[in-house]
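Residue-level structure breakdown
Next come the chains, spelled out residue by residue.
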Amino acid sequence: MSNLWKTLETLKNHQWIELSHELSNESPYWQGMPKGVLELNKTVIDFSEMNLRIQTFKFPGQFGTHIDYPGHFIQNARLAKDFNISDTILPLVVIDLSEKVKENNDYEISIEDILEFEKKYGKIPENSFVAFRSDWSKRWPDLKALENSDENGNAHTPGWPISTLEFLFDNRNIAGVGHETFDTDAAVTCAKNGDLAGERYILGRDKFQVEVLNNLDKLPPIGAIIFIAAPRISDANGLPVRVWAII
């Protein structure tokens, strides 16, 4: 038997965790998009005598659990076609700050949080994928709960400040980051800056991110491998993804 087959047998005996949300025409998405961007499962061919149906699928690249490639924010930057399969299979680090987020919905993951994590679990390895667990995914698919706007219409969601991203990319040389919210930046910071500065920073570093992750609460802090799979659409700057982890 092939050694790879034996490896697969071993992996099949591990725990596999779904990290992406199931999608439908009722699934929430960022409301800044124009109307009519979503139409899933439209039947365009129906040969009843053959029981043959063909469907079409219309959706924005940034829909559901999705990957953002550098070209999403950076002109002439890498797109889907510029990433190899192995670029999105990585060691997974999960930093659990769900209790802090519960106390403060505007919480931003800090360098101190990273260092505290490393005291317990060791230094974050190079070329790993770092996920910020906030348990925000438990609000899915309630759009109002996901946006979490106050009486003045101001959203309150957790996020990544640039200082922490700089630390991870400059000092730990990670491959990418992920989170459970629609955006990288905390909503109040985005409003203050008038820009998604954290997201722009990540993509400007020629790195990638995955947004709207699910089930991070089912993962250990270290020891898992993440798999991020997207359709092979060459010039896409972002795509819905099927994401899973093996523990």
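Residues numbered from 1 in each chain as written. Predicted model: local features only at pLDDT ≥ 70, side-chain atom pairs only at ≥ 80, totals over all residues. Heavy atoms only, no water.

Naming follows an unreviewed UniProt entry, where the protein appears as Cyclase family protein of Leptotrichia hongkongensis.

1. Re the packing of helix H5 (residues 162–171) against helix H7 (residues 197–204)
Put simply, the rule is: Orientation is described by lines fitted to C-alpha atoms, with helices fitted over the stretch in contact, and by angles between N-to-C directions that extend from 0 to 180 degrees. Numbering goes from the N terminus for both helices and strands, where a helix is a DSSP run of H or I of at least four residues and a strand is a run of E of at least two. Throughout this description, any angle smaller than 35 degrees is read as roughly parallel, any larger than 145 degrees as roughly antiparallel, any in the 65 to 115 degree range as roughly perpendicular, and the remainder as oblique. The hand of a helix crossing depends on one turn: near helix anticlockwise from the far one by less than a right angle means left-handed, and clockwise means right-handed. Contacts: residue pairs with any heavy atoms within 4.5 Å of one another. Charged means Asp, Glu, Lys or Arg here, nonpolar means Ala, Val, Leu, Ile, Met, Phe, Trp, Tyr, Cys or Pro, and polar covers whatever is left, Gly included.
Between H5 and H7, whose axes approach to 9 Å, the crossing angle comes to 15°. When the interaxial angle is binned, H5 and H7 end up roughly parallel. H5 and H7 meet at a crossing whose hand is right-handed. Contact residues: H5 offers Ile162, Leu165, Glu166, Phe169 and Asp170, while H7 offers Ala197, Gly198, Tyr201 and Ile202. Residue composition of the contact of H5 with H7, by class: six nonpolar, one polar and two charged.

2. Here we look at the pattern of salt bridges
Selection rule: Take a side-chain nitrogen of Lys or Arg and a carboxyl oxygen of Asp or Glu: if they are within 4 Å of each other, that pair is a salt bridge. Buried, partly exposed and exposed residues are distinguished by accessible area as a fraction of the type maximum, computed with a 1.4 Å probe on protein chains only: under 20%, between the cut-offs, and over 50%, respectively.
Enumeration according to the criterion identifies 13 salt bridges in this entry. Between Glu116 and Lys119 there is a salt bridge; the shortest N-O distance is 3.9 Å. Placement of the pair is Glu116 and Lys119 together in helix H3 (residues 111–121), with a separation of three residues, close to one helical turn. Where Arg200 meets Asp195, a salt bridge forms, and the shortest distance between an N and an O atom there is 2.9 Å. A relative accessible area of 23% means that Asp195 is categorised as partly exposed. Among the charged side chains, a salt-bridge network with shared partners connects Asp96, Arg133 and Asp135.

3. Quick notes on the packing of H3 against H5
Contact pair H3 / H5: the axes reach a minimum separation of 8 Å and the direction vectors enclose 40°. By the angle between their directions, the pair H3 and H5 is classed as oblique. Facing Ile111, Ile114 and Leu115 of H3, the residues of H5 in contact are Ser163, Thr164, Phe167 and Leu168. Taken together, the residues of the contact of H3 with H5 sort by class into five nonpolar, two polar and no charged.

4. Observations regarding a nonpolar patch on the surface
This is how the line gets drawn: Residues form patches when they are more than 30% accessible in relative terms and have no salt bridge. Like charges link within 9 Å. Nonpolar side chains (Val, Leu, Ile, Met, Phe, Trp, Tyr) link within 5 Å. Methods summary: accessible areas were calculated by the Shrake-Rupley approach with a probe of 1.4 Å, and residue burial reflects only the protein chains presented.
Taken together, Val44, Phe47, Met50, Leu52 and Ile54 make up a surface patch of nonpolar side chains, about 430 Å² in accessible area. Elements supplying a minimum of two residues to the nonpolar patch: strand S2 (39–47) and strand S3 (52–58). Within the secondary structure layout, Leu52 lies in strand S3. Using a relative accessible area of 31% as the deciding quantity, one classes Leu52 as partly exposed.

5. What to know about the pairing of strand S6 (residues 129–133)
Where we set the bar: In short, DSSP must find at least two bridges between two strands for them to pair.
The element S6 is extensively covered by neighbouring structure, given that five of its five residues are classed as buried. Neither face of S6 is open: one carries Phe129, Ala131 and Arg133, the other Val130 and Phe132, and all of them are buried. Where strand S5 (residues 89–96) lies against S6, five bridges are found, and the strand directions are parallel. Across the sheet, residue Ile95 finds its bridge partner in S6, namely Phe132. Relative to strand S7 (residues 176–179), S6 runs parallel, the two being bridged by four bridges. Residue pairing for S7: Ala131 is matched across the bridge by Gly178.

6. Concerning the packing of aromatic side chains
Aromatic ring pairs are defined here through the distance separating the ring centres and the angle between the ring planes. Test applied: In summary, the pairing rule links any two rings of Phe, Tyr or Trp, Trp by its six-membered ring, whose centres are within 6.5 Å, and it sorts them by plane angle into stacked for under 30 degrees, edge-to-face for over 60 and tilted for everything else. Charges are assigned to positions over rings by a cutoff of 6 Å between ring centre and Lys NZ or Arg CZ, combined with an angular limit of 35 degrees from the ring normal.
By the definition in use, this model includes eight aromatic pairs. Between Phe117 and Tyr121 the ring centres are 4.8 Å apart and the planes differ by 40°, which places this aromatic pair in the tilted class. Taken together, the residues span about one helical turn, with Phe117 and Tyr121 both in helix H3 at a distance of four residues. Take Phe117: its relative accessible area is 7%, and that puts it in the buried class. For Tyr121, a relative accessible area of 37% translates into the label partly exposed. Aromatic rings pair up to connect Tyr69, Phe83, Phe129 and Phe208 into one cluster. Sitting over the ring of Phe83, Arg78 keeps its end group 4.0 Å from the ring centre.

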